[in-house]
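Per-entry structural report
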Amino acid sequence: MQSAITVSLVPEARQGPFVFHAGLEDACRRASELGFDAIEIFPPSASALKRDEVAALLAKYQLRLAAVGTGAGWVREQLTLVSPDETVRGRAVEFVRAIIDLAGALGAPAIVGSMQGRAASSDERSATLELLGRTLCPLAEHAHEHYGVPLLIEPLNRYETNLLNEVPNTAQWLTTLPSQNLRILADLFHMNIEEADMAASIVEAGALIGHVHFADSNRQAVGLGHAPIADAVAALKQVGYQGYLSAEIFPRPDSDTAARQTIESFRKCVPSS
Ligand SMILES: [Mn+2]
């Protein structure tokens, strides 16, 4: 397993759970100084970043790109992949596809979290999930065919969506879809709210887990809350997970302290690193 840390380049997400907010180079420099393996970027859109500049910064600071988020499509433009408005839905698909193209060219997957949207009511959940499957699969195939990377889908807690809340249910749902290229982003903060047993859920999803958001019960750095993170990491080892533990956390009390706490917790959880 490898360590990663988040940077938001979205002014509207200034209060969001991202460690660094002062630009990509600042984040790369600080991540590199602390010994992180990679960074995860939350950009305002794909066009806000130039691929060559990102590549140059990653090379300069000897970092890899862990993943790129698509949530700004929701935060800034209220786009979702299940909007009943076909035009909005089409814009959402294009927003995600552009991020797949940016991330994929740098060898990283895109993340669909809040862009999954929500069902208007519980009666409409299954039809909305079906629509989500229909919009996600062509995007996942695009990521596979052009870049050989998966597309990550993230179950969120019940306060953020009524579609995908639990890791095992999401794993089950993935097996019903035509694309084999979707993987689960297991966010330990969301899991701590929704799962009966985080470790058991990780074991159940097994090889379908493609990325991990490394956060404690209160969305602070691991070690500053009370979620059973050590058990979750043991379960990830058990299923042979070799991806990133990426800190998607609040910069509390400040970015540097949260980052330092994260890398210390990571080294405790993954002593071989
Ligand atoms: Mn997350």
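Right above here is the structure, for reference.
Residues numbered from 1 in each chain as written. Predicted model: local features only at pLDDT ≥ 70, side-chain atom pairs only at ≥ 80, totals over all residues. Heavy atoms only, no water.

The protein atoms that coordinate the manganese ion are Glu154 (OE), Asp187 (OD), His213 (ND1) and Glu248 (OE), at distances of 2.0 to 2.2 Å. Written as a sequence motif, the donor residues of the manganese ion are E-x32-D-x25-H-x34-E. With His213 in strand 7 (residues 209–213) and Glu248 in the loop between strand 8 (244–247) and helix 10 (255–269), the pair connects residues that are 35 residues apart, well separated along the chain. (Donors = N, O, S within 2.8 Å, 3.2 Å for Na, K, Ca; no water. Helix = DSSP H or I, 4+ residues; strand = E, 2+ residues; numbered from the N terminus.)

A word on helix 2 (residues 51–60). The α-helix winds at 3.6 residues per turn, so residues separated by three or four positions along the chain end up facing the same way. The complete set of buried residues in helix 2 reads Val54, Leu57 and Leu58. Considered in projection along helix 2, the buried side chains sweep an arc of 100° and stay on one side of the axis. Across from the buried face of helix 2, at angles greater than 90 degrees, the exposed residues are Asp52, Glu53, Ala59 and Lys60. Among the structural elements, helix 1 (24–34), strand 2 (38–42) and strand 3 (64–69) are those in contact with the buried residues of helix 2. Immediately downstream of helix 2, the backbone of Gln62 shows phi near 55°, a positive value. (Buried < 20%, exposed > 50% of the residue type's maximum accessible area, 1.4 Å probe, protein only. Arc of directions from axis to C-beta. Contact = heavy atoms within 4.5 Å.)

Let us look at the packing of aromatic side chains. Per the stated rule, a full pass over the model turns up one aromatic pair. Aromatic pair Phe18 and Phe42: ring centres 4.5 Å apart, planes at 25°, arrangement stacked. Here Phe18, found in the loop between strand 1 (2–8) and helix 1, pairs with Phe42, found in strand 2; they are 24 residues apart in sequence, far enough to count as distant. On the basis of relative accessible area, Phe18 is assigned to the buried category, the value being 7%. Exposure remark for Phe42: the relative accessible area of 10% places this residue in the buried category. Seen from the ring of Phe250, Arg252 lies directly overhead, with NZ or CZ sitting 4.3 Å from the centre. (Phe/Tyr/Trp six-rings, centres within 6.5 Å; stacked < 30°, edge-to-face > 60°. Lys NZ or Arg CZ within 6 Å of the ring centre and 35° of its normal.)

Once that is clear, we can look at helix 6 (residues 167–174). The buried fraction of helix 6 is high, at six of eight residues. Of all the residues in helix 6, the buried ones are Val167, Pro168, Thr170, Ala171, Trp173 and Leu174. Close packing links the buried residues of helix 6 with helix 5 (125–147), strand 5 (151–153), strand 6 (182–187), helix 7 (188–194) and helix 8 (198–205).

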